[in-house]
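# Results of the structural survey
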There are 2 protein chains.
Amino acid sequence: MMRFLVFWLVMFIMACNPQSNETLDREEEEAHIIKKSDPPVAIVIHGGAGTILKEHLSDSLEKRYLFVLDSIISAGHQALEEGEEAVNVVIKVISAMEDSPLFNAGKGAVFTNDGINELDASIMKGKDRSAGAVARVKSIKNPIQLAHVVMERSNHVFLSGDGAEQFAKSQGIEKIDPAYFFVQSRYDALLRSKEKSSVSSVTLSEDEKFGTVGCVALDKNGDIVAGTSTGGMTNKRFGRIGDSPIIGAGTYADNQIGGVSATGWGEFFIRNVVAYDILARMLYRNVDLEQAAREVIFNVLEPHGGDGGVVCLDKDGNVAMVFNTAGMYRAAIDGNGIKQVGIYEMD
Amino acid sequence: MMRFLVFWLVMFIMACNPQSNETLDREEEEAHIIKKSDPPVAIVIHGGAGTILKEHLSDSLEKRYLFVLDSIISAGHQALEEGEEAVNVVIKVISAMEDSPLFNAGKGAVFTNDGINELDASIMKGKDRSAGAVARVKSIKNPIQLAHVVMERSNHVFLSGDGAEQFAKSQGIEKIDPAYFFVQSRYDALLRSKEKSSVSSVTLSEDEKFGTVGCVALDKNGDIVAGTSTGGMTNKRFGRIGDSPIIGAGTYADNQIGGVSATGWGEFFIRNVVAYDILARMLYRNVDLEQAAREVIFNVLEPHGGDGGVVCLDKDGNVAMVFNTAGMYRAAIDGNGIKQVGIYEMD
């Protein structure tokens, strides 16, 4: 146990420290066998999808993303190998991504039109389809942890706004100063977005629309857990809620089938119940995970005008990472111990 | 057009006036043919499900419910027969139910723990899977109308709280004094619920948990629209959001399959993506509407511990009204012109 904690701490410090990434392999896509366990464990994560082009990322930033994705997926996988429960791994992995300013969740959250950060998250356990979600919280450092407490300690699935924060307080979860979430580059993005908005009301670029983190894990007990967390949409108004806290749209898990976490233009994911639809196709039509995910992204989401992606795994430890955008920050280690880490479009 | 408006006005006045129900047939379940059109039109509504037992309703209150359900379903059906679009019929039907103090939506909304009324609603068009939803609005007379405006005039699907009200203002939708929603019997229910809560924190009766209105309509163009509206859960806290505004859980429509509106213990409807799952079973497994609805309510929702019901119709005008509670306020006129109006458990 102590060994696990030390490992986790090292991973976390590394993930938060971009200076220590110089030794990273420069290949965008890595694929090598880590370890194959029986029963299989598997884990898959994303850090958002969008117009992520190689020419937009400096070499050092690209390395930083790859390093963080690699560190997190490796630590998460090792925890599963050591017998950690999927629910704990998903919470720790997403918390680490929330704590990184690289991703639009937690510390890296984008700003609303009012110049504040509003965070959404959800988590679901495939064992009993229990779920917890929060929307529009402003002073909770790790929304995924609050979503978990909603799942475990309330009669509700979905709490929002000040009410969700009151619930957090009632459960002894500390509030933090919302100033914690301030990241200059995110604030600059708000100012740019507002400048554009003065010309036209619908000029958000894809980069500004997208941004989410997510994780799905399968543990040695055969339990599948999925979670998603986001800082929402730059310059968002009117108390908009996207797909991340919506069970069925942004997150779903069922031990008999698999688990999904989505990222992208949330409205289209809600309208097409993307996360659940992937699993429904597997269950009712007996198609495999990769095919189900591709059908939903390319034959349903895309024709409706939606952009984004999903990471998912099935009960046998197969993983799929499917998106129709230029890129998606992603990593996986499947049930055969095959690791993949990537940013740009698949070949 | 004028004729339609006059008809609607008469229906509305009748629906709001319990004194004019003396001529109502006393049979609980009515089934007679209204009219069969080609292409078929169909409509189905619910006014909530729960522990609705004959011994709990006075004769006059039972008649009042049956009269209102009958009036609304007949007016909605006539509008469809006259060529009105499904989206307009659903909005008018749900608005009429919101305006009635009989149902937990709009005027009849239950009170939150804070002694206020927070309203949720959603609407979805099966033609293009466009959708709009609002949660936790406090000064909008007809939340279903705001959900419709979100669908038609915003880039978003789901707006919440004060932000949703700001959006309403930006669209010229008038705010009303929240005192409009005050209904003594609902306030008394809050006081009773709080009294119980002081003894145990989980003592809400089913009657207090449930309460929603919904409508699904199929028009002459083959367009299917579904909508749902609720005043939430008596004594609710922490900004809880139930299934009514969740696309996939409380509401779904797809012209190629059918449409669903749900009512019941929202958390279980969210966790099991009830509305979409019914349609997914029809699409992917080719089961009929009634079977799909029964599978989801009795084989999925109930084993998970959930209670409630759904009203739904398919693209051919078949309707189904399925629930696992003692009763569900409901009415339908299917594609063959068969009318059903009921309150208690099906025989």
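Whatever comes next refers back to the structure up there.
Below, the structure is looked at part by part. (Residues numbered from 1 in each chain as written. Chains lettered and ligands numbered in written order. Predicted model: local features only at pLDDT ≥ 70, side-chain atom pairs only at ≥ 80, totals over all residues. Heavy atoms only, no water.)

### Notes on the overall build of chain A
Helices and strands together make up the secondary structure of chain A, namely 10 helices and 13 strands. The burial tally for chain A puts 64% of its 347 residues in the buried class. Of the contacts made within chain A by residues no fewer than 6 positions apart, 71% connect residues no fewer than 24 positions apart. For chain A, the accessible area works out to roughly 12400 Å², and carbon and sulfur atoms hold 49% of it. (Helix = DSSP H or I, 4+ residues; strand = E, 2+ residues; numbered from the N terminus. Buried < 20%, exposed > 50% of the residue type's maximum accessible area, 1.4 Å probe, protein only. Contact = heavy atoms within 4.5 Å. Areas by Shrake-Rupley, 256 points an atom, 1.4 Å probe, with all protein chains shown as cover.)

### Considerations on the packing of helix H2 (residues 59-81) of chain B against helix H3 (residues 86-99) of chain B
All names here are of chain B. The N-to-C vectors of H2 and H3 enclose an angle of 160°; their axes lie 10 Å apart at closest approach. Viewed along their axes, H2 and H3 adopt a mutual orientation that is roughly antiparallel. The chirality of how H2 crosses H3 is right-handed. Contacts between H2 and H3 pair Leu69, Ile72, Gly76, Ala79 and Leu80 from the former with Ala86, Val89, Val93, Ala96 and Met97 from the latter. Residues that form the contact of H2 with H3 fall into these classes: 9 nonpolar, 1 polar and no charged. (Axes fitted to C-alpha atoms, helices over the stretch in contact; angles between N-to-C directions. Parallel < 35°, antiparallel > 145°, perpendicular 65-115°, else oblique. Left-handed = near helix turned anticlockwise from the far one by under 90°. Nonpolar A, V, L, I, M, F, W, Y, C, P; charged D, E, K, R; others polar.)

### Considering the relation of the copies chain B and chain A
Between chain B and chain A, the superposition needs a rotation of 180° and an axial shift of 0.0 Å, giving an RMSD of 0.0 Å. The symmetry that links the two subunits is that of a two-fold axis. No C-alpha of chain B approaches the rotation axis more nearly than that of Tyr284 of chain B, which lies at 2.9 Å. (Least-squares fit on C-alpha atoms with pLDDT ≥ 70 in both.)

### Digging into the interface of chain B and chain A
Each partner contributes residues to the interface: chain B has 42 residues there, and chain A has 42 residues. Together, the buried faces of chain B and chain A total about 3500 Å²; carbon and sulfur atoms form 61% of this surface. It is Phe238, Arg271 and Tyr284 of chain B in chain B that bury the most area against chain A; as a group they hold 22% of the surface buried on that side. If you look at where chain B meets chain A, you find 0 salt bridges. Summed over the shared surface of chain B and chain A, the result is 24 residue pairs in polar contact (both at pLDDT 80 or more). Only strand E4 (130-137), strand E5 (158-160), helix H5 (161-170), helix H8 (266-271) and helix H9 (274-285) of chain B provide two or more residues apiece to the side of chain B that touches chain A. Across the side of chain B that touches chain A, the residue classes tally to 20 nonpolar, 12 polar and 10 charged. (Buried area = accessible area lost by both parts, 1.4 Å probe. Salt bridge = Lys/Arg side-chain N within 4 Å of Asp/Glu carboxyl O. Polar contact = N/O pair within 3.5 Å; in protein donor to acceptor, adjacent residues only side chain to side chain.)

### With respect to unusual backbone geometry
With phi around 45°, Val273 of chain A is a residue other than glycine that occupies positive phi space. With respect to the secondary-structure elements, Val273 of chain A resides in the loop between helix H8 (266-271) and helix H9 (274-285). With a relative accessible area of 1%, Val273 of chain A lands in the buried category. A positive phi angle is found at Asn235 of chain B, which is not glycine, with a value near 70°. Examined against the element boundaries, Asn235 of chain B turns out to sit in the loop between strand E7 (224-230) and strand E8 (251-254).

### Some points on the packing of aromatic side chains
Each aromatic ring pair is described using two quantities: the centre-to-centre distance and the angle formed by the ring planes. Applying the stated rule across the entire model yields 17 aromatic pairs over all chains. A centroid spacing of 6.4 Å and a plane angle of 75° characterise the contact between Phe103 of chain A and Tyr329 of chain A, whose relative ring orientation is edge-to-face. Of the two residues, Phe103 of chain A is situated in the loop between helix H3 (86-99) and strand E3 (119-125) and Tyr329 of chain A in strand E12 (residues 327-333); the sequence distance between them amounts to 226 residues. Between Tyr276 of chain A and Tyr276 of chain B the ring centres are 6.5 Å apart and the planes differ by 90°, which places this aromatic pair in the edge-to-face class. Of the two residues, Tyr276 of chain A is situated in helix H9 and Tyr276 of chain B in helix H9; the pairing between them involves two chains. Given the relative accessible area of 0%, Tyr276 of chain B is considered buried. (Phe/Tyr/Trp six-rings, centres within 6.5 Å; stacked < 30°, edge-to-face > 60°.)

### Side note on the sheet that holds strand E10 (residues 308-314) of chain B
Residue and element names in this part refer to chain B. Read from one edge to the other, the open sheet built from 4 strands follows the order E8-E9-E10-E11, with strand pairing classed as antiparallel. Lying at the two open borders of the sheet, with one neighbouring strand each, are E8 and strand E11 (319-323). The average undirected angle you get between the axes of adjacent strands in this sheet is 10°. Strand direction decides the pairing type here: E8 and strand E9 (residues 258-264), joined by 4 bridges, are antiparallel. Paired with Thr251 across the two strands is Ser261, which belongs to E9. (Pairing = 2+ DSSP bridges.)

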